[in-house]
Each structure stands twice: as C-alpha cells, then as structure tokens.
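# Fold and geometry: a report
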Number of protein chains: 2
Amino acid sequence: MATETVGFVGLGIMGGPMAENLLDAGYDVVGHNRSDESVEELEASGGEGATSPKEVAERSDVVITCLPDSPVVEEIVRGDEGVLDGLEEGMVVVDMSTISPTVTEDLAEAIAERGAAMLDAPISGGEEGAIEGTLSIMVGGDESVFEDCRELFEVMGSTVTHCGPNGAGQTTKACNQIVVAAQMVGVSEALVFAHQAGADLEAVVEAISGGAAGCWTLDNRAPNMIQGQFDPGFFASYQYKDLRIATDAGEAFGSPMPQTSVAHELYKAMETTGRGRDDNSGVMQIIEDLAGDEARVD
Amino acid sequence: MATETVGFVGLGIMGGPMAENLLDAGYDVVGHNRSDESVEELEASGGEGATSPKEVAERSDVVITCLPDSPVVEEIVRGDEGVLDGLEEGMVVVDMSTISPTVTEDLAEAIAERGAAMLDAPISGGEEGAIEGTLSIMVGGDESVFEDCRELFEVMGSTVTHCGPNGAGQTTKACNQIVVAAQMVGVSEALVFAHQAGADLEAVVEAISGGAAGCWTLDNRAPNMIQGQFDPGFFASYQYKDLRIATDAGEAFGSPMPQTSVAHELYKAMETTGRGRDDNSGVMQIIEDLAGDEARVD
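Residues numbered from 1 in each chain as written. Chains lettered and ligands numbered in written order. Predicted model: local features only at pLDDT ≥ 70, side-chain atom pairs only at ≥ 80, totals over all residues. Heavy atoms only, no water.

Turning to the interface of chain A and chain B, a few remarks are in order. Taken together, the contact between chain A and chain B spans 60 residues of the former and 60 residues of the latter. Of the roughly 4600 Å² buried between chain A and chain B on both sides combined, carbon and sulfur atoms contribute 68%. For the pair chain A and chain B, the number of links is 0 salt bridges. The interface formed by chain A and chain B contains 16 residue pairs in polar contact (both at pLDDT 80 or more). Counting residues per element, the ones that place at least two in the side of chain A that touches chain B are β8 (135-140), β9 (157-164), α9 (168-196), α10 (201-209), α11 (216-220), α13 (236-253), α14 (258-272) and α15 (284-291) of chain A. Looking at the side of chain A that touches chain B, the element that brings in the most residues is α9 of chain A, giving 21 residues. Here the residues of the side of chain A that touches chain B are counted per class, giving 40 nonpolar, 17 polar and 3 charged. (Contact = heavy atoms within 4.5 Å. Buried area = accessible area lost by both parts, 1.4 Å probe. Salt bridge = Lys/Arg side-chain N within 4 Å of Asp/Glu carboxyl O. Polar contact = N/O pair within 3.5 Å; in protein donor to acceptor, adjacent residues only side chain to side chain. Helix = DSSP H or I, 4+ residues; strand = E, 2+ residues; numbered from the N terminus. Nonpolar A, V, L, I, M, F, W, Y, C, P; charged D, E, K, R; others polar.)

What follows is the structure, encoded as structure tokens:
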C-alpha cells in the first residue's frame, strides 16, 4: 500500500506536531480538529482542512486519530459525520490516542465490518517526542497492516513496536503507565520516609540510583522532587486517567492489580486536591499530605 | 586513624568474601563466626580466628559485623562475651548487616557510652559484589568517622555514600528495597495483565523498557520472568524481611507507605506459599496465583 494522503483528526499538543512531521516527510495531510485554529496552522504548513471526520476519511488513504479519551474516539469514529461514514474498503484507521483496550477491540470490529482495518498505536514520549519525531509507538493489530504503516510510524517515532492483535498497543501503553506509577509512588514513599528518618535526600538518591533500584524516576525526577519542583512533564491527571484505563482493563480481563490500585487512588487524590496539572512525580505531595510533613533538601 | 587490624564477625555468604578482600588489601583480619568452618577458611587465607565477639573487639582497631537480622546484631554486640565487652575508647564498630534504623540508633548510643563510635553501613550488590569488591555501601554515622573508614569501605565496595547520621545507612538501604519492590510488583502486575489481554510479552517488555517505565527490573529480570525462571538472585524471603524493616521504620517515624505495605503483603505470600528461596522477581507468581493464570511466552 502506497499511502499518499494521511487524514489526521485531533491536531492538539501531540497531534499537531505529528501531522507537521508527516507534511515534512512528503505526505499530503488532510486535518480536522474541534477548534479551527489548529486546522489553520496545518493549512499554513501546507496541509488541507476538512469540515468533519467523515470528510477526512473520504479524502484519505489512512486516517489517524489522536484524541483525549475513549468517549471522544467513539464519537469521532462512530458519531454523525464520523470516520466510519467516510471509510472505503481497504483503508486503515490508526488510533494513536490512549484509550481502553476493550473499547479498541470493539472499534476494530466495527471498522472491519466496513472492510477497513484498524491499528491501535498509542504513544509515549511527550510533546518533545512529538515535535522531534522520537515518540515510542506501541502498535496492536494485524501484522501485515502494521507493516504497511511502518513508514508512517517511523516518521513520527523512533521506537515502533508491534505488540500483538487489536488492543495490544493500548495494553502495552497501560503496562507502561503501571510501571511508571509504581516507580513514582515507590520513590515518593522512600523519599518522605528518608526525610522523616533524618537521612540526606541527595545522598539517598545518589546511593540507590546505580543498583537494583535504578529507574527513570530516580534519574529524571527525584532531583526535582526533593526540591519540591513539580512542573510538568506529564500531567498527574493524565497519569490518573491512564491508570483508570489500566484498572478498568484489569477488571475486564480478571487481572489482579493490588499495587496499581493503590497508585490509582493516590493519583485520584492529585485530582481531588487540585494538583492534576502538576507533573506525575508530584504524587509525592500526597504522601507528604499523609505524613503531615514535606520532604525537601535544606 | 591508621587501621591495621580489622575484626570481622559474621563470615557468611557476604562477610566471608568481604573479609578475604580485606586480607588481600593487606589488613590483618581477626574473625569470628557461629560455625567454625568459615573461621578455618579465613585462617587458611592468612586471617586469625577468635572465640567470641568480645575477643574480636579486644584484638582489633575496627570491628565489622555482617549478620542476618536485628536480634542477632543485638546479641553479638550487647550479649555475653559481646563486642561491647571488648571495646576500648576510640574504636569503631561498623555494622554492615541490613537491620532496623531504630535498633541501629540505639546500638550507636550504647557504643558511644563506651567512648567508641558506630557506623551503619548496609550493602547491596549480592554475593558477586562481595566477591569482586563492587558492593554499594550506604553509610550512616559521624562524617569524620566515615572518612576514617573510607579506605576500608573502598576495599569492599565501588559505590560508597555517606547518607547522614547513625541509622541513615539503614534508612537508605530500606529506601532501596522500597523502590526495588515497587518495580518488581509493578512489572509483575503489568506482565500478568498483558498476558491476559493477549499482548506479546516480549514485545511489551521491549516497547516500554526504553522510556519512562525503564528500570533495572525490566532490563534484568523481565526476560526471565516471562519464561517462569525465578532462580535467585536475591531471595524473596530477604526482600520480605527488608520490607518489614521498612514498614516497621515507617511506623516508628510516622511515614506513610500505602504502596509499600501492599508489596510487603505480596512478599509475605512468597513465604506462606513456600517460595522464599525464589528470586525476588518471583513475586510475579503471587499475582499469577491471584489471576488463576500464568503469564509466559509460548
């Protein structure tokens, strides 16, 4: 399949620069977004605007969606003037949003009924990764469809992995968020404890980072955490949403998540205490609230 | 202080090779152990044996203890014919066991009453690190006493960090074990979920290892975990004991550990199900028990 025109629905913080990278790589891009401003930016860069998801699908070979959550993806695909209404046989819908693996499986079925194929391809790597084309892309769906879209993915990401059938990309993203949260909360509990026990927080981080406790959070977030700096980064409210996807999927598949369910509750507290726009490492503040004490270097 | 004779109580899997490394570096070593066999090995390598901890202290400048748990360290230091009975003013006791930070603080006081000083200096890096002299050593106690002993530490370890006052070494070790357990359990929950959701486990590990979920457990244990290989490594029963130290210290200092307390319970289940001698990554089996399913590559 030679993809020439890529449809793109959802030109936000992530989708906007991803669509720009596709334009730069020589693809024609037809875009749609809830607000017009992002579409105008796309047009200024050489892309074209469309008035509905249906029109995007009608004018494209591959339709990419990059949207906030499961209900929005459902609406954009299945709703009035939605992607489904504009699909033709042999087309591919690539959902790069982070949504539920089970919703993804249902959407893939609906798309298959139109003779088209779906890939779920959620991303990690943040706004910077989207701009620089260095995202990690976790893909679920038919392997041959994945191979057809590989070139497209390699424009947007530097780590592209096929993880299994439809839903497996979302499952992998959920696994990523489970392990990230485990680290964030574990490091938070360790640092608050170390502070209350009278240890030197910088020395603790230095001493344990090189061994079996070594992790991305200790290397990249702990130095800020002990200064009380929680600028994002990755919003705590997104971490919360993603853990909700994980624990809901755990319900659906019967997968036990005793530790992740605790992390989920702690990120819920980030929302309820008005800290959703802090970095996800800011969950340390919830442990501090529980301790009645802050863990900071002097 | 020029240390010439080092006393060593506890010539086990860790203490044995550590004492050998001190001999190789030119120190005189006087050793004591519950079983005579290890003392005979030390003598064969050029060390000398002593019949009690008291005698070790009487014949040494610095006394190192490397013992299984808090009660044994208490007994060796405070008991009949114990280290305290043989101490002279100006000597140093270095406890390299992994024990409670609060027990450590009490011992440091008792030792100070004799005019001697104590350092807590627990280690990580396993038997291999002990043999090769590449341990990570986390030290609590007076900074000038730490500096006096630095050469000694650098014979046994490659990462030597002063973490604060007496107890801070144990606190740091507990922090290490908190973060290790968070990773081990988080990766376990993620992999069991991924298997049940139908994803390719090897692809999941590959896809998430390079980003914000990246950690020692994913790099060094996940490939074995998805094969069901849980040979130690680091015994699950030691991880359990160390998490108990952490949660007990959390009680003492008022430090909240909602996530770590879950990990503690899961490692307790490793004991109750007869898996204490598996690697600590074997905690995945507890999640599998809860799921009624095993997460293995085909």
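Next up on the list: the domain arrangement of chain A. Interface size is commonly expressed as the accessible surface area that is lost when the partners come together. All names here are of chain A. When the domains of chain A are assigned, the result is domain 1 (5-166) and domain 2 (171-291). Computed from C-alpha atoms alone, the centre-to-centre distance between domain 1 and domain 2 is 30 Å. Domain 1 puts 13 residues into the contact, and the matching count from domain 2 is 10 residues. It is Thr98, Pro101 and Met138 in domain 1 that bury the most area against domain 2; as a group they hold 49% of the surface buried on that side. Where domain 1 packs against domain 2, one counts 4 residue pairs in polar contact (both at pLDDT 80 or more). Counting only elements with at least two residues in the side of domain 1 that touches domain 2, the list comes to α6 (101-113) and β7 (123-124). When residues of the side of domain 1 that touches domain 2 are assigned to their parent elements, the largest contribution, 3 residues, is made by α6. (Domains from an automatic or database assignment.)

Residues and elements named next belong to chain B. Within helix α2 (residues 36-44) the residues assigned to the buried category are Ser38, Val39 and Leu42. Projected down its long axis, α2 shows its buried positions confined to an angular sector of 100°, all on one face. In α2, those exposed residues whose orientation departs by more than 90 degrees from the buried face are Asp36, Glu37, Glu41 and Ala44. Tucked inside the fold, the buried residues of α2 contact α1 (15-24), β2 (28-32) and β3 (48-49). (Buried < 20%, exposed > 50% of the residue type's maximum accessible area, 1.4 Å probe, protein only. Arc of directions from axis to C-beta.)

So, on to the relation of the copies chain A and chain B. Superposing chain A onto chain B requires a rotation of 180° together with a translation of 0.0 Å along the rotation axis, leaving an RMSD of 0.0 Å. Seen this way, the second copy is the image of the first under a two-fold rotation axis. Taking the C-alpha atom as reference, chain A places Cys215 of chain A closest to the rotation axis, 2.0 Å from it. A symmetric contact is evident, with 100% of the interface residues of chain A recurring at the interface of chain B. (Least-squares fit on C-alpha atoms with pLDDT ≥ 70 in both.)

Residues annotated in UniProt with the feature "domain: 3-hydroxyisobutyrate dehydrogenase-like NAD-binding" (unreviewed entry) correspond here to residues 167-286 of chain A. Between the C-alpha atoms that bound residues 167-286 of chain A there is a distance of 32 Å. The span itself is 69% helix and 0% strand. (UniProt positions renumbered as here; feature names shortened; annotations may be inferred.)

We now examine the environment of Val145 of chain A. Residues and elements named next belong to chain A. With respect to the helices, strands and loops of the structure, Val145 is situated in helix α8 (residues 143-156). The class for Val145 is buried, based on a relative accessible area of 12%. For the pair Val145 and Val30, spaced 115 residues apart in sequence, the C-alpha to C-alpha distance is 21 Å. In this structure Val145 touches Val92, Ala117 and Leu119, once residues within four positions along its chain are discounted.

Okay, the packing of α14 of chain A against α15 of chain A next. All names here are of chain A. Following both chains from N to C, one finds α14 and α15 inclined at 85°, their axes separated by 9 Å at the closest point. By the criterion of interaxial angle, the relationship of α14 to α15 is roughly perpendicular. Each of Leu266, Ala269 and Met270 in α14 lies in contact with α15, whose residues at this interface are Gln285, Ile286, Ile287 and Leu290. Grouping the amino acids of the contact of α14 with α15 by side-chain chemistry returns 6 nonpolar, 1 polar and no charged. (Axes fitted to C-alpha atoms, helices over the stretch in contact; angles between N-to-C directions. Parallel < 35°, antiparallel > 145°, perpendicular 65-115°, else oblique.)

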